[in-house]
Amino acid sequence: RYEPTWGSLDARPLPAWFDEAKFGVFIHWGVFSVPSFGSEWFWWYWQKEKREPYVKFMEANYPPGFSYEDFGPLFTAEFFDPDQWADILKASGAKYVVLTSKHHEGFTLWGSKYSWNWNAVDVGPKRDLVAELAASVRNRTDLRFGLYHSLFEWFNPLFLEDATNAFKTRKFPTSKSLPELYEIVTKYQPEIIWSDGDGNAPDTYWNSTGFLAWLYNDSPVRDTVVTNDRWGVGSICTHGGFYTCSDRYNPGHLLPHKWENCMTVDRSSWGFRRDARLGDYLAIEDLVQQLAETVSCGGNLLMNVGPTHDGRIAVVFEERLRQVGAWLKVNGEAIYGTKPWRAQNDTVTPGVWYTFSPKEGKVNAIFLNWPVSGTLELGEPRAKLGETQVKLAGYKELLKWVALGEKGIVIALPQLTPQQLPCQWGWTLQLTDIN
C-alpha cells in the first residue's frame, strides 16, 4: 500500500498503457466558452486584472452590472452530441481524452453536490456533460477517459479566506476541492486525473498526498489511473505521476521521467475564441512535427481543442484532429508503443526524429521534409551490408541504400507523384537490422 508521502507515491510505477498511448486530446469547455473572447482566463483578466480589451469588450456588448455568473445560463450546449464528439476523437487516432470537469472559474460540468447552483445540471445545459461524454467515449471508442480538475477557484470566498490566512486554515479544500475529487473518481472512474491550479498553496494545504494515496490504494481506478504533477506549489516537474513541467512543454531532448506536452491547436488560448483568425491555429504540419518531436523524446502529446458554448467542436478543430488521425493510420507504428532510440534526432539532416519499436526491433526515422534530391542522408544509423532493410511506411517495396563508412546511410526514396505518396506532412522510414 502507498503511504501519503511523496517518497511512497512517487515510487508507484506508471501504468504501462499511458506510455504506450502517446497521443491524447484535451478539451477545455466551460462558462468561459460563452464570452469566448481572448482566453479561458476571461473572468480573471476582466474582473481582477481589468485588462483593457476585456473591459472594453464587456462595456461594448453587455449591459452595466452584468456579472460573470450571468454567463452561466448562456452556456447552453444545445448542439452537444457526445456520440459525434466520440467519433471525432476516435478518428483523430488519440488513445485518451481529458475533459475539463472544472476550470478555475469553479463551474462543474457535472451536477456536483459541492458546487450548488454553479454546475451544468443546475444552470445552463441542465445536463451532466461529464457523464454523457464518458458514456459515449466508452461505448464507441477504445480511448481512455480522463478528467482535468482545478484545485483552486479564483473568486471562491472560502479559498480567498484561506489565502488571506496564508493557508493556515483549510476551509476550501476540505469543503469543496477534495470532496469534488473523490466525487468525480467514484462517479466517473476516470483513468487520468489531470490536476491544475495550485493557487500558490502547498500540497499540504490541498492534502494532495492523502488524496493520491486513496486513489492508488482504494479507489475504483487504483490499478490503471495515471496522474500528473500539479498538486501544489513545488510539485510540478518533481512529484506525482507523469511530468508536465509547464504548458506547451517540448524540451527537444530525452527526459529521464515520463512526461507530457500539453499544447493547444489555437496558439494563444485553451478555450474557444470567436475572434480567432486562421493564422492563430497551428497547421497540420506543425502538429505532426510536435507529435514526432515529443514522442521521440519520450513524451506524450496532449493536443487541446476548445468547443463552443453551444457544444460544437469547431470545424477547424475537427479537421486538424481528423488530419492527425489520417497521418497516424499510415505512420502509427512509429508512434504507438514505441520507446526512445539512442538518438532522438538526426545529426546530419534536420527535421528527422527517431523512435524505436521494441517488438519488431525496428528503428523509425520520421522525416518532415521530402528531399528534392530524392535521397535522404541519415547520420545516426549504422547499417549492415546484406542485412539492413529500409521500408517507407505505406509503400510496399524495399528501398535501396548505401552505407556511409561506420555510421550513416543514404537512402534512395521512391520517385512518386503527390498522388502516389502514402501520406502527407511527414513520412516514416522503417529500418530493420541496424547495429
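Here the structure is a predicted model, which means the values were calculated and not measured.

Rules used in this analysis
Per chain, the residues get numbers from 1 upward, laid out in the order the sequence is written. The predicted origin of the model limits local features to residues at a pLDDT of at least 70 and limits the giving and counting of side-chain atom pairs to 80 or more, whereas totals for whole chains, interfaces and linings rest on all residues. As a convention, hydrogens and water are excluded, and side-chain values are obtained from all of the structure's heavy atoms. UniProt positions are given in the numbering used here, feature names are shortened, and annotations may be inferred rather than shown by experiment. Elements are defined by DSSP. Helices are runs of H or I of four residues or more, strands are runs of E of two residues or more, and each kind is numbered from the N terminus. Here the expected span of a helix is defined as 1.5 Å times the quantity of residues minus one. The contact criterion used is simple: two residues touch if any of their non-hydrogen atoms lie within 4.5 Å. By definition, two strands form a pair when at least two bridges between them are found by DSSP. An axis is simply a line fitted to the C-alpha atoms; with a helix, the fit covers only the stretch in contact. Between two such axes, the angle follows the N-to-C directions and lies from 0 to 180 degrees. Residue ranges labeled as domains rest on an automatic or database domain assignment. Just to be clear on terms, a salt bridge is a Lys or Arg side-chain nitrogen sitting within 4 Å of an Asp or Glu carboxyl oxygen. As used in this structure description, the phrase polar contact means that two N or O atoms lie within 3.5 Å; if the pair is within protein, one of them must be able to donate a hydrogen and the other to accept it, and residues adjacent in sequence are counted only when both atoms belong to side chains. For classification purposes, an angle smaller than 35 degrees is called roughly parallel, one larger than 145 roughly antiparallel, one from 65 to 115 roughly perpendicular, and anything else oblique. For any pair of crossing helices, the crossing counts as left-handed if the nearer helix is rotated counterclockwise from the farther one by less than a right angle, and right-handed if it is rotated clockwise. Three categories are distinguished: nonpolar for Ala, Val, Leu, Ile, Met, Phe, Trp, Tyr, Cys and Pro, charged for Asp, Glu, Lys and Arg, and polar for the others, with Gly belonging to the last.

**Some words on the UniProt feature "domain: Glycoside hydrolase family 29 N-terminal" (unreviewed entry) in the chain**
No. 1: According to UniProt, the feature "domain: Glycoside hydrolase family 29 N-terminal" (unreviewed entry) maps to residues 1–333 in the numbering used here.
No. 2: A helix fraction of 36% and a strand fraction of 12% characterise residues 1–333, whose end C-alpha atoms lie 36 Å from each other.

**Remarks on helix α12 (residues 315–331)**
No. 1: Counted at 1.5 Å a residue, the expected span for α12 with its 17 residues is 24 Å, and the 24 Å between its end C-alpha atoms agrees.
No. 2: Tucked inside the fold, the buried residues of α12 contact β1 (23–27), α5 (82–91), α11 (284–296), β7 (299–305), β9 (362–367) and β14 (427–432).

**Here we look at the sheet that holds β1**
No. 1: The 7 strands lie next to each other as β5-β4-β3-β2-β1-β7-β6, forming an open sheet whose pairing is parallel. Where the open sheet ends on each side, the last strands, each with one partner, are β5 (226–227) and β6 (259–264).
No. 2: By the bridge criterion, 4 bridges tie β1 to strand β2 (residues 96–102) in an arrangement that is parallel. Counterpart to I27 in the pairing with β2 is L99.
No. 3: This element, α11, spans β1, β6 and β7 of the sheet and lies at about 150° to β7.

**Structural notes on the domain arrangement of the chain**
No. 1: When its domains are assigned, the chain resolves into domain 1 (6–334) and domain 2 (339–432).
No. 2: For domain 1 and domain 2, the distance between their C-alpha centres works out to 36 Å.
No. 3: The interface is formed by 19 residues belonging to domain 1 together with 21 residues belonging to domain 2.
No. 4: At the boundary of domain 1 and domain 2, one finds 2 salt bridges.
No. 5: In this structure, E333 engages K362 in a salt bridge whose closest nitrogen and oxygen atoms are separated by 2.9 Å.
No. 6: Counting every contact that joins domain 1 to domain 2 gives 7 residue pairs in polar contact (both at pLDDT 80 or more).
No. 7: Broken down by secondary-structure element, the contributors of at least two residues to the side of domain 1 that touches domain 2 are α11 and α12.
No. 8: With 8 residues, α11 is the largest single contributor of residues to the side of domain 1 that touches domain 2.

**Here's the deal with the packing of helix α8 (residues 171–188) against helix α10 (residues 208–217)**
No. 1: With their axes 11 Å apart at the nearest point, α8 and α10 run at an angle of 15° to one another. Between α8 and α10, the crossing angle belongs to the class labelled roughly parallel. Relative to α10, the crossing made by α8 is right-handed. The residues of α10 that touch α8, namely those facing L178, L181, Y182, V185 and T186, are G210, F211, W214 and L215.
No. 2: Of the residues that constitute the contact of α8 with α10, the class distribution is 7 nonpolar, 2 polar and no charged.

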